[in-house]
Amino acid sequence: MSTLRQPLRSSASETLADVSRAIVDEALMLAEALLNPNRIIGEVEQMRALQVAADEIEAADPAQARQLRARASRIGLR
């Protein structure tokens, strides 16, 4: 039976390590955002401008609108 439990323990410890890394990453991102609010505000303004531009040209050029929205989403993922 101990051989059956071995993978479960390593899997559980790997999951715990993954969760711990995710929490640390999120905490670092939060600290960076709190220390650099102007960067975050600038990115949000840039994303909003791209979304507005995409909305304005949607009827005339849907492909370009999709590209603008894609750029806006990549900014949001940084």
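Heads up: the structure comes first, above all this text.
Below or above, wherever it landed, is the structure these notes cover.

Cut-offs used in this document
Residues numbered from 1 in each chain as written. Predicted model: local features only at pLDDT ≥ 70, side-chain atom pairs only at ≥ 80, totals over all residues. Heavy atoms only, no water. Helix = DSSP H or I, 4+ residues; strand = E, 2+ residues; numbered from the N terminus. Areas by Shrake-Rupley, 256 points an atom, 1.4 Å probe, with all protein chains shown as cover. Buried < 20%, exposed > 50% of the residue type's maximum accessible area, 1.4 Å probe, protein only. Contact = heavy atoms within 4.5 Å. Axes fitted to C-alpha atoms, helices over the stretch in contact; angles between N-to-C directions. Parallel < 35°, antiparallel > 145°, perpendicular 65-115°, else oblique. Left-handed = near helix turned anticlockwise from the far one by under 90°. Expected span 1.5 Å × (residues − 1). Salt bridge = Lys/Arg side-chain N within 4 Å of Asp/Glu carboxyl O.

## Comments concerning the overall build of the protein
For the protein, the helix and strand inventory stands at three helices and zero strands. What you see in the protein, going N to C, is helices and strands ordered as α-α-α. When the accessible surface of the protein is summed, it comes to about 6,400 Å², and 62% of that surface belongs to carbon and sulfur atoms.

## Quick look at the environment of A54
Summarising the element assignment, A54 is placed in helix 2 (residues 37-57). Assessed through its relative accessible area of 0%, A54 is described here as buried. Once the C-alpha coordinates of A54 and R66 are considered, the two residues, 12 residues apart in sequence, prove to be 7.2 Å apart. If near-sequence neighbours (up to four positions away) are discounted, A54 is found in contact with A65, L68 and R69.

## Let's talk about the packing of helix 2 against helix 3 (residues 62-77)
At their nearest, the axes of helix 2 and helix 3 sit 8 Å apart, and the two run at 165 degrees to each other. Looking at the two axes, helix 2 sits roughly antiparallel to helix 3. Crossing geometry of helix 2 relative to helix 3 is assigned as left-handed. Residues E43, Q46, M47, L50, Q51, A53, A54, D55 and I57 of helix 2 form the contact with helix 3, whose participating residues are P62, Q64, A65, L68, R69, R71, A72, I75 and G76.

## So, helix 3
An α-helical segment advances 3.6 residues per turn. Residues three or four places apart therefore align on the same side. Compared with an ideal rise of 1.5 Å per residue, which puts 16 residues at 22 Å, helix 3 spans 23 Å between its outermost C-alpha atoms and is within 8% of the ideal. Buried residues belonging to helix 3 abut helix 2.

## Regarding the pattern of salt bridges
Per the stated rule, a full pass over the model turns up five salt bridges. R21 is the salt-bridge partner of D18, the closest N and O atoms lying 2.7 Å from each other. One end of the pair, D18, and the other, R21, are both in helix 1 (residues 2-35), three residues apart, so they sit about a helical turn from each other. Of the charged contacts in the structure, one is a salt bridge between R69 and E58, with a shortest N-O distance of 2.6 Å. With R69 in helix 3 and E58 in the loop between helix 2 and helix 3, this pair connects stretches of sequence that are 11 residues apart.

So far we have only geometry, and geometry alone does not tell us how the molecule works.
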